[in-house]
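Chain by chain, the residues run as shown.
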Amino acid sequence: MLLSVLPLAAWALPSPQGEVILTVSGNIAHTNVGDEAHFDIDMLRSLPARVIETHTPWTDGPNVFEGPLARALLEAVGADSESVRVRALNDFAADIPVDNFHDYDVILALTRNGEPMPIRDYGPIFVLYPFDDHPELHNETIRFRSVWQVINIHAD
């Protein structure tokens, strides 16, 4: 049986057409700007996504969040790491084991209750765990990993 080998260009990510809202760097195989992967909102929306209805420690009542699965983003860039460092606009950063993304449907929430999230309300990207589906997620470690206003993910 012959295996066809795709040319390297077939693995390249498309270039963002809109404003770049997320940069992925580090140990990644698929890039679109130098050694980084830049994503606009449409590129993120094209990834496999989930809707999570959950309470959070920071919002009132249950809310409906939607966005791409964190593990889908890592697959899209060909990340090869055991952890990622997620950095916010204010330079807050948290290290997250990649296992979290496989053990739980962690999303990069882009909307809350059907509306894009502005910067003042956790946006444009919020690392969100499905808190209501997994009581074990209600702890300080997971709250620390739930970064909002995300601008960069670095695969260590």
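Look up a bit, the structure's there.
Attention in this report is confined to the structure presented alongside it.

Each value, and the rule that gives it
Residues numbered from 1 in each chain as written. Predicted model: local features only at pLDDT ≥ 70, side-chain atom pairs only at ≥ 80, totals over all residues. Heavy atoms only, no water. Helix = DSSP H or I, 4+ residues; strand = E, 2+ residues; numbered from the N terminus. Buried < 20%, exposed > 50% of the residue type's maximum accessible area, 1.4 Å probe, protein only. Polar contact = N/O pair within 3.5 Å; in protein donor to acceptor, adjacent residues only side chain to side chain. Pairing = 2+ DSSP bridges. Core = buried A, V, L, I, M, F, W, Y, C linked by side-chain atoms within 4.5 Å.

**So, the side chain of Asn 32**
Logical step 1: On the secondary structure map, Asn 32 appears in the loop between strand S1 (20-26) and strand S2 (37-40).
Logical step 2: The class for Asn 32 is buried, based on a relative accessible area of 17%.
Logical step 3: Reaching out from Asn 32, the side chain makes a polar contact with the backbone oxygen of Pro 14 at a distance of 2.8 Å.

**Quick look at the pairing of S1**
Logical step 1: Burial analysis of S1 places 5 of its 7 residues in the buried class, which makes it a mostly covered element.
Logical step 2: Sheet topology places S1 next to S2; 4 bridges connect them, and they run antiparallel. Note on S2: the bridge partner recorded for Val 20 is Asp 40.
Logical step 3: As defined by bridge partners, S1 adjoins strand S11 (residues 150-155) across 4 bridges and the pair is classed as parallel. If you follow Thr 23 over to S11, its bridge partner there is Asn 152.

**A word on the sheet that holds strand S4 (residues 63-68)**
Logical step 1: Strand order across the open sheet formed by 4 strands is S3-S4-S8-S9, with antiparallel pairing between neighbours. With one partner strand each, in any of the chains shown, strand S3 (49-54) and strand S9 (115-116) form the two edges of the open sheet.
Logical step 2: Two elements, S3 and S4, share 6 bridges in a ladder whose sense is antiparallel. Residue pairing for S4: Glu 53 is matched across the bridge by Val 64.

**A look at the nonpolar core**
As a rule of thumb, soluble globular proteins bury nonpolar side chains together.
Logical step 1: In terms of nonpolar packing, the biggest core is built from 45 residues, with Leu 22, Phe 39, Leu 44, Leu 73 and Val 84 touching the most fellow members.
Logical step 2: For this core, the element with the highest residue contribution is helix H2 (residues 70-76), accounting for 4 residues.

Just geometry here; none of it tells us what the structure is for.
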